[in-house]
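# Observations on the model geometry
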Amino acid sequence: MINQKATRTNVDNFLKKALPHFLLMRGMKNKYLFSKDLELEQLGKQLFIIYHTFNRINPKYQPLLNKLYYDEKTMKQARKELHISHDTSWKYKIYGLNEFAIQFNKVQQELNIKPSLNLIIYK
């Protein structure tokens, strides 16, 4: 069984540390990932996996995660811009980051990435 709290924290740390690092390595800014139909050659393997995973998350959670990780907004700023409640924003973040972890594993498997990084923490 997935430990949702630990997985959420793990994914949050990964996105806060790895995403800016991978973008810096490619000379890109976060907002570049808003483009549609980006290819592996444009992004590099690591960024492509993150980009592809974000696009596979439930559309209900994407706007909040985009604000938090692409726009680097605080939860309060994101909540205000999206006109969602405090409780809804945290629920979307928890579910969205857990879904990110699951989709991240699936994308790596589909692209035959070895070694793969598992962001899910089990109880």
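Presented here is an overview of the structure given in this document. (Residues numbered from 1 in each chain as written. Predicted model: local features only at pLDDT ≥ 70, side-chain atom pairs only at ≥ 80, totals over all residues. Heavy atoms only, no water.)

Their axes nearest at 9 Å, the elements helix α2 (residues 40–56) and helix α5 (residues 86–110) cross at an angle of 125°. Judged by the inter-axis angle, α2 sits oblique to α5. Of the two elements, α2 crosses α5, and the hand of that crossing is right-handed. Counted together, Ile49, Ile50, His52, Thr53, Phe54 and Arg56 of α2 and Glu99, Phe100, Gln103, Phe104, Lys106, Val107, Gln108 and Glu110 of α5 form the full contact between these two elements. Classifying every residue of the contact of α2 with α5 by side-chain character gives six nonpolar, four polar and four charged. (Axes fitted to C-alpha atoms, helices over the stretch in contact; angles between N-to-C directions. Helix = DSSP H or I, 4+ residues; strand = E, 2+ residues; numbered from the N terminus. Parallel < 35°, antiparallel > 145°, perpendicular 65-115°, else oblique. Left-handed = near helix turned anticlockwise from the far one by under 90°. Contact = heavy atoms within 4.5 Å. Nonpolar A, V, L, I, M, F, W, Y, C, P; charged D, E, K, R; others polar.)

All right, on to the pattern of salt bridges then. Evaluation of the coordinates by the stated rule reveals six salt bridges. In this structure, lysine 67 and aspartate 71 form a salt bridge, with 4.0 Å as the shortest nitrogen-oxygen distance. Judged by its relative accessible area of 32%, aspartate 71 is partly exposed. Put simply, lysine 73 and glutamate 81 hold a salt bridge, and the shortest N to O gap is 3.0 Å. Overall, lysine 73 belongs to the partly exposed group, its relative accessible area being 27%. Since its relative accessible area comes to 36%, glutamate 81 is described here as partly exposed. One salt-bridge network, held together by shared partners, links Lys67, Asp71, Lys73 and Glu81. (Salt bridge = Lys/Arg side-chain N within 4 Å of Asp/Glu carboxyl O. Buried < 20%, exposed > 50% of the residue type's maximum accessible area, 1.4 Å probe, protein only.)

Here we come to the packing of aromatic side chains. In this structure the tally under the stated criterion is seven aromatic pairs. Considering the side-chain rings of phenylalanine 100 and phenylalanine 104, the 5.7 Å spacing of their centres and the 20° angle between planes classify their relative orientation as stacked. Within this pair, phenylalanine 100 and its partner phenylalanine 104 are both found in helix α5, separated by four residues, close to a single helical turn. For the pair shown, phenylalanine 100 and phenylalanine 104 are each scored as buried. One aromatic cluster in this structure is built from Phe14, Phe54, Tyr70, Phe100 and Phe104. (Phe/Tyr/Trp six-rings, centres within 6.5 Å; stacked < 30°, edge-to-face > 60°.)

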